[in-house]
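The chain contents come next:
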Amino acid sequence: MENPGGELFSEERSADVVIASMDGTPDPRVREVLGSLVRHLHAFVKDVELTEEEWNAAIAFLTATGHKSDDLRQEFVLLSDVLGVSMLVETVNHRAGGVGTESTVLGPFHVVESPPRPLGADIALTDGGEPCLVTGRVVGPDGEPVGGATVDVWQADADGFYDVQRPDEVPRTNLRGLFTTEPDGTFWFRTIMPRYYPIPDDGPVGTLLAATGRHPNRPAHIHFIVQAAGYAPVTTHVFAADSPYLESDAVFGVKPSLVREFAVVEDPERAASLGLPDRFRTVDFEVVLFRSAEG
Ligand code: BEZ
Ligand code: FE
């Protein structure tokens, strides 16, 4: 009972009074979450002694964030990302630690279904960029190969854009692919080196970044969602070790275990057998899945 005497609202008892007004909430989890939210919000207002101008500015900012959002642009997710909330929710929910590949943010660009492609396919549908071979293996916690796993990949191009950001210039599904692992868990595909890129910063989130002296960039990475029957799916990235911004990702998504060298290969014979130019880059990314609770 937060408000035993049924007191009216006052500065001292503000949170208790509001929380007590929600005593009739039937769902205990809703009651817990809203109660904690109110307590923290009230403490925040008191902590900074929020002025009315600041409160109005906050409302205008959130309104603009809503107006900037549509089916292809989710400004609230971006806001959560740059405030570190997306990564915190993700981290709190995947604490298992140990052997499994660490997860990181999904991001807003998985808006197009990745097309199924055969192993070895080139996901770069346009010219340009530094050719790259990605190899890997999906295994379980005891190192057992996971055949038949799906490996969904998407990435930015050599200029740092996703296909959906340049709909008039590149085909949809450029730099996207859905692969299925061999019985020994292996997968491989051809692509180009992704470039670091700025998250969309032409909206309220960009204004917030500028106001706080922050840059909008993410280090170069390839996104992965790996799933297999009997295992928990993982949403993750592989980051290029030579990329700028590894130390200051705008959305706090970098985990050291996900950073890999993209080695330079100058081997004409190997290149020819792979259908790649004489000089290419390559990265190997082993993905370790946890078994699912029911698996
Ligand atoms: C991304 O990696 O695609 C991304 C993640 C968070 C915000 C913006 C982009
Ligand atoms: Fe990305």
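Residues numbered from 1 in each chain as written. Chains lettered and ligands numbered in written order. Predicted model: local features only at pLDDT ≥ 70, side-chain atom pairs only at ≥ 80, totals over all residues. Heavy atoms only, no water.

Caption draft 1: Expanded view of the overall build of the protein chain. Helix and strand content of the protein chain: seven helices and eleven strands. Dimensions along the principal axes, computed over C-alpha positions, put the protein chain at roughly 80 × 45 × 30 Å. Looking at the 295 residues of the protein chain, the share that counts as buried comes to 42%. At a minimum sequence separation of 6, the contacts of the protein chain that also span at least 24 residues come to 69%. (Helix = DSSP H or I, 4+ residues; strand = E, 2+ residues; numbered from the N terminus. Buried < 20%, exposed > 50% of the residue type's maximum accessible area, 1.4 Å probe, protein only. Contact = heavy atoms within 4.5 Å.)

Caption draft 2: Layout of the environment of Gly136. Tracing the backbone shows Gly136 in strand β1 (residues 131-139). Under the relative-accessibility criterion, Gly136 is labelled buried at 8%. Gly136 sits 151 residues away from Val287 along the chain, and the two C-alpha atoms are 7.4 Å apart.

Caption draft 3: Region of the structure containing the packing of aromatic side chains. In total, this model carries seven aromatic pairs according to the counting rule given. Arranged with centres 5.0 Å apart and planes meeting at 55 degrees, the rings of Phe224 and Phe285 form a pair that is tilted. One end of the pair, Phe224, is in strand β7 (residues 221-227); the other, Phe285, is in strand β11 (residues 279-288), with 61 residues separating them in the sequence. One exposure class covers both Phe224 and Phe285, and it is buried. Taken together through their ring pairs, the aromatic side chains of Phe109, Tyr162 and Tyr197 make up a single cluster. Geometry around Tyr196 places Arg195 over its ring, the cationic atom sitting 4.4 Å from the centre. (Phe/Tyr/Trp six-rings, centres within 6.5 Å; stacked < 30°, edge-to-face > 60°. Lys NZ or Arg CZ within 6 Å of the ring centre and 35° of its normal.)

Caption draft 4: View of the coordination of the iron ion (ligand 2). Here the iron ion (ligand 2) is held by the protein donor atoms Tyr162 (OH), Tyr197 (OH), His221 (NE2) and His223 (NE2), which lie 1.9 to 2.1 Å from it. Given six donor atoms and angles of 54 to 163 degrees at the metal, the environment of the iron ion (ligand 2) is assigned as irregular. Taken in sequence order, the residues that donate to the iron ion (ligand 2) follow the motif Y-x34-Y-x23-H-x1-H. With Tyr162 in the loop between β2 (150-155) and β3 (176-180) and Tyr197 in strand β5 (residues 197-198), this residue pair connects regions lying 35 residues apart in the sequence. (Donors = N, O, S within 2.8 Å, 3.2 Å for Na, K, Ca; no water. Tetrahedral: all angles 85-135°; square planar, octahedral: opposite > 155°, others 65-115°.)

Caption draft 5: Representation of the pattern of salt bridges in the model. Going through the model one piece at a time under the given rule, you end up with 21 salt bridges. Measuring nitrogen to oxygen at the nearest pair gives 3.4 Å for the salt bridge that ties Lys255 to Glu90. Of this pair, Lys255 sits in the loop between β8 (234-240) and β9 (259-260) while Glu90 is found in helix α5 (residues 85-93), placing the two residues 165 residues apart along the sequence. Among the residues examined, Lys255 registers a relative accessible area of 12% and is labelled buried. A salt bridge links Glu169 to Arg166, with the nearest nitrogen and oxygen atoms 3.8 Å apart. Judged by relative accessible area, Glu169 falls into the exposed class, the value being 60%. Connected through shared salt-bridge partners, Glu130, Asp242, Glu266, Arg279 and Arg281 make up one network. (Salt bridge = Lys/Arg side-chain N within 4 Å of Asp/Glu carboxyl O.)

Caption draft 6: Representation of the packing of helix α3 (residues 52-67) against helix α4 (residues 75-82) within the structure. Contact geometry of α3 with α4 gives a least axis separation of 7 Å together with a crossing angle of 125 degrees. Considering their axes alone, α3 and α4 lie oblique with respect to each other. Residues Phe61, Leu62, Thr65 and Gly66 of α3 touch α4, and the partners they reach there are Glu75, Phe76 and Leu79. A class-by-class count of the residues in the contact of α3 with α4 yields four nonpolar, two polar and one charged. (Axes fitted to C-alpha atoms, helices over the stretch in contact; angles between N-to-C directions. Parallel < 35°, antiparallel > 145°, perpendicular 65-115°, else oblique. Nonpolar A, V, L, I, M, F, W, Y, C, P; charged D, E, K, R; others polar.)

Caption draft 7: Main features of the side chain of Ser114. Note that Ser114 resides in the loop between α5 and β1. Accessibility expressed as a relative area gives 7% for Ser114, which makes it buried. The contact partners of Ser114, leaving out residues within four places of it in the chain, are Asp152, Val153, Arg176, Gly177 and Leu178.

Caption draft 8: Region of the structure containing the site of ligand 1. The full set of residues close to ligand 1 is Leu78, Asp81, Gly107, Pro108, Phe109, Tyr162, Tyr197, Ile199, Arg218, His221, His223 and Val251. Arg218 has a polar side-chain atom sitting 2.5 Å from an oxygen atom of ligand 1. Take His223: an N or O atom from its side chain is 3.0 Å from an oxygen atom of ligand 1. Out of a free accessible area of 260 Å², ligand 1 has 100% covered by protein chains. With respect to the pocket detection grid, ligand 1 is positioned in the largest cavity. Of all the secondary structure elements, the ones that give two or more residues to the shell around ligand 1 are α4 and β7. In the shell around ligand 1, the residues fall into seven nonpolar, three polar and two charged. (Near = heavy atom within 4 Å. Polar contact = N/O pair within 3.5 Å; in protein donor to acceptor, adjacent residues only side chain to side chain. Areas by Shrake-Rupley, 256 points an atom, 1.4 Å probe, with all protein chains shown as cover. 1 Å grid on protein atoms, 1.4 Å probe; cavity = no way out; pocket = protein on both sides within 12 Å on 5 of 7 lines; lining within 4 Å. Sits in = over half its atoms within 2 Å of the grid points.)

Caption draft 9: How the structure looks around a nonpolar patch on the surface. The grouping of Val30, Leu34, Leu37, Leu41, Phe44, Val45 and Val48 at the surface amounts to a nonpolar patch, some 550 Å² of accessible area in total. Of the residues examined, Leu37 reaches a relative accessible area of 47% and is grouped as partly exposed. (Patch = residues over 30% accessible without salt bridge, like charges linked within 9 Å, V, L, I, M, F, W, Y side chains within 5 Å.)

Caption draft 10: Structural detail: the sheet that holds β11. With mixed pairing, the four strands of this open sheet are ordered in space as β4-β1-β11-β10. Unpaired on one side and paired on the other, β4 (186-192) and β10 (263-266) mark the two borders of the sheet. Strand-to-strand twist in this sheet, taken as the mean axis angle between neighbours without regard to direction, amounts to 30 degrees. As defined by bridge partners, β1 adjoins β11 across eight bridges and the pair is classed as parallel. By the bridge assignment for β11, Val134 is matched with Val283. (Pairing = 2+ DSSP bridges.)

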